[in-house]
Amino acid sequence: MSVRLPSDLLRRSAEEGSRLVALTYLDEIGLADRRLADPQDSEALHDFRVGLRRLRSCTRAYRSQLKGSVTKKLRRRLRDLTLATNPGRDIEVQLEWLHRQVTRLGPGETEGMAWLIGRLEGRRYESIDQVTAEIGRRFLKTAGKLRPRLGTFQMEVRTGREPKPASFGEVTGQLVQGIAGELSECLEAVGSPEQVSEAHSARIRAKRLRYLLEPLSRRVAGAKTLVGRLKQLQDLLGQVHDMQVIIQEIESSLTALSRGAPDRPLAAKPGLEALRHLASEEAGVSFARFQADWSHDRAARFLSRTDELGRTLAGSMPAEGESSPTRTVMREGNGKPVSNGQSSSHGSPAYSQSVAAR
């Protein structure tokens, strides 16, 4: 994370901490958004997508804590923004891979690669160049509605003996334990590179767990190492997924070629078949690395360390000298507080708490 979070993030309330993390991601997306218009910045779209994924993962994980700030409509807008960037990302990955295959093709096979690159370049213009400005406009509109909702929430000071609300660290620890358990089940279900949906589910859980742990990297011993392992897992399963997507693209082209499509020269067939073989081979190598690095024993050790970190956080106690128990009341966009179903036994007045990463 490029934007620094407060050093006492874990001890703050879950409602405040989750908003601080979400605002940090919103800032990172904004920085990437300013770079989208630069055709020379090849990493802008990638960084924009990563920021969106992190923000969506945060709002999903801390749904209860962000209630009243992130509405269903705003969640849909974030989802739609992500979906709008998917075709462009897939094409960039495919083009990058194809350009690396030049030296691996034999005589008579380069024409098929050249034809496929030309086809993808044309689609890239439609998917990226023409959509970039629209994505930026939609993001600015969504951020304009989301930022003030995330930036303020209400608290009611309570002076009784009621239990102190859970801290950000405690809630995050519980979430880490839950997603680690889901990841364990997903990993056990992946037995071959052809199990695309199972591998995708495992990769998604790995991403969600990584995004939970990233804000803790500088604050919790062992978190940074776990994040690195999860990134490795993402990359391995991601390579398998990318090769499967490329194989599907090639097979679609070969099917159209066999039907005599006029825009597909017959000379392209040998090259397409060679590329399909190379992609299948690369998918197999990546999957073999995944199996070696995430064997039953290795995965079990990783998940055990992750669960232990989660249990430590979930059972953490507030530091001595912290303020008395408070009750958080989320504010709607119109400023009206939304009760969480509890009532103040002392009728203490509510006050507005501004949230800012610092």
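Worth saying up front: this structure is predicted, and the values here are computed from it rather than measured. (Residues numbered from 1 in each chain as written. Predicted model: local features only at pLDDT ≥ 70, side-chain atom pairs only at ≥ 80, totals over all residues. Heavy atoms only, no water.)

1. A few points about the overall build of the protein chain
At step 1: Counting secondary structure elements, the protein chain contains 10 helices and 4 strands.
At step 2: Beginning at the N terminus, the succession of helices and strands in the protein chain can be written as α-α-α-α-α-β-α-α-α-α-α-β-β-β.
At step 3: When each of the 358 residues of the protein chain is scored for burial, the buried share is 46%.
At step 4: Relative to all contacts within the protein chain whose residues are 6 or more apart in sequence, the contacts with residues 24 or more apart total 80%.
At step 5: Accessible surface for the protein chain amounts to roughly 17,700 Å². Of this, 50% is attributable to carbon and sulfur atoms. (Helix = DSSP H or I, 4+ residues; strand = E, 2+ residues; numbered from the N terminus. Buried < 20%, exposed > 50% of the residue type's maximum accessible area, 1.4 Å probe, protein only. Contact = heavy atoms within 4.5 Å. Areas by Shrake-Rupley, 256 points an atom, 1.4 Å probe, with all protein chains shown as cover.)

2. A word on the packing of aromatic side chains
At step 1: Applying the stated criterion across every chain, the model contains 4 aromatic pairs.
At step 2: Judged by centre distance (5.5 Å) and plane angle (50°), the ring pair of Phe287 and Phe290 falls under tilted. Of this pair, Phe287 and Phe290 both sit in helix H9 (residues 268-293), 3 residues apart, which is roughly one turn of the helix. Each member of the pair Phe287 and Phe290 is classed as buried.
At step 3: Ring geometry for Trp294 versus Phe302: centroids 5.1 Å apart, planes at 75°, classification edge-to-face. The pair Trp294 / Phe302 is uniform in exposure class, with both members buried.
At step 4: A cation sits over an aromatic face here: Arg229 above Trp294, 4.2 Å from the ring centre. (Phe/Tyr/Trp six-rings, centres within 6.5 Å; stacked < 30°, edge-to-face > 60°. Lys NZ or Arg CZ within 6 Å of the ring centre and 35° of its normal.)

3. Focus on the packing of helix H6 (residues 168-189) against helix H10 (residues 296-314)
At step 1: Closest axis-to-axis distance for the H6/H10 pair is 7 Å, and the angle between their directions is 160°. Classified by the angle their axes make, H6 and H10 are roughly antiparallel. In this structure, the crossing between H6 and H10 has a hand that is left-handed. Judged by residue contacts, Gly169, Glu170, Gly173, Gln174, Val176, Gln177, Ala180, Leu183, Ser184 and Leu187 of H6 engage Ala299, Phe302, Leu303, Thr306, Asp307, Gly310, Arg311, Leu313 and Ala314 from H10.
At step 2: Per-class residue counts for the contact of H6 with H10 are 9 nonpolar, 7 polar and 3 charged. (Axes fitted to C-alpha atoms, helices over the stretch in contact; angles between N-to-C directions. Parallel < 35°, antiparallel > 145°, perpendicular 65-115°, else oblique. Left-handed = near helix turned anticlockwise from the far one by under 90°. Nonpolar A, V, L, I, M, F, W, Y, C, P; charged D, E, K, R; others polar.)

4. Notes on the environment of Lys224
At step 1: Locating Lys224 in the fold gives a position in helix H8 (residues 223-258).
At step 2: Each C-alpha atom, one on Lys224 and one on Glu214, is 7.2 Å from the other, the two residues being 10 residues apart in sequence.

5. A word on the packing of helix H2 (residues 44-61) against helix H7 (residues 196-213)
At step 1: Where H2 meets H7, the axes come as close as 10 Å, and the angle between the chain directions of the two elements is 85°. Classified by the interaxial angle, the pair formed by H2 and H7 is roughly perpendicular. In this structure, H2 uses Arg53, Arg54, Ser57, Arg60 and Ala61 to contact H7, whose residues at the interface are Lys207, Arg208, Arg210, Tyr211 and Leu212.
At step 2: Its residues assigned to classes, the contact of H2 with H7 shows 3 nonpolar, 1 polar and 6 charged.

6. Observations regarding the confidence of the model for the protein chain
The predicted coordinates ought not to be read in detail in places where the model reports low pLDDT.
At step 1: For the protein chain, mean pLDDT is 83; residues scoring 70 or higher make up 83% of the total.
At step 2: Taken element by element, the protein chain is modelled with least confidence in strand S2 (residues 326-331), mean pLDDT 36, and with most confidence in H6, mean pLDDT 96.
At step 3: The low-confidence segment residues 317-352 (pLDDT under 50) makes 87 contacts with residues lying over four places distant or belonging to another chain. (pLDDT = per-residue confidence, 0-100.)

7. Side note on the nonpolar core
At step 1: In terms of nonpolar packing, the biggest core is built from 63 residues, with Leu183, Leu213 and Phe290 touching the most fellow members.
At step 2: Here the element with the most residues in this core is helix H1 (residues 14-33); it accounts for 9 residues.
At step 3: For Leu213, the residues in contact, after removing those within four places along its chain, are Val176, Ala223, Leu226, Val227, Leu230 and Leu309.
At step 4: Leu98, Met243, Ile246 and Ala279 belong to the second-largest nonpolar core, a separate cluster that totals 23 residues. (Core = buried A, V, L, I, M, F, W, Y, C linked by side-chain atoms within 4.5 Å.)

8. A few points about the pattern of salt bridges
At step 1: Counted by the stated rule, this structure contains 21 salt bridges.
At step 2: Between Asp27 and Arg147 there is a salt bridge, with the nearest N and O atoms lying 2.9 Å from each other. Taken together, the residues Asp27 in helix H1 and Arg147 in helix H5 (residues 132-151) connect sequence positions 120 residues apart.
At step 3: The salt bridge partner of Glu214 is Arg54, with a shortest N-O separation of 3.1 Å. (Salt bridge = Lys/Arg side-chain N within 4 Å of Asp/Glu carboxyl O.)

9. Some thoughts on a positive patch on the surface
At step 1: A cluster of like positive charges, contributed by Arg60, Arg63, Lys72, Lys73, Arg76, Lys141 and Lys145, occupies part of the molecular surface.
At step 2: For the positive patch, the secondary-structure elements that each account for two or more residues are helix H3 (72-99) and H5.
At step 3: Per-element tally for the positive patch: the top contributor is H3, with 3 residues.
At step 4: Along the polypeptide, Lys145 turns up in helix H5.
At step 5: Judged by relative accessible area, Lys145 falls into the partly exposed class, the value being 41%. (Patch = residues over 30% accessible without salt bridge, like charges linked within 9 Å, V, L, I, M, F, W, Y side chains within 5 Å. Lys, Arg positive; Asp, Glu negative; His and termini not counted. Charge placed at Lys NZ, Arg CZ, Asp CG, Glu CD.)

10. Digging into the environment of Arg289
At step 1: Position of Arg289 relative to the elements: it lies in helix H9.
At step 2: With a relative accessible area of 43%, Arg289 lands in the partly exposed category.
At step 3: Between the C-alpha atoms of Arg289 and Leu233, which are 56 residues apart in sequence, the distance is 9.8 Å.
At step 4: Setting aside anything within four residues of it in sequence, one finds Arg289 in contact with Leu236 and Gln239.

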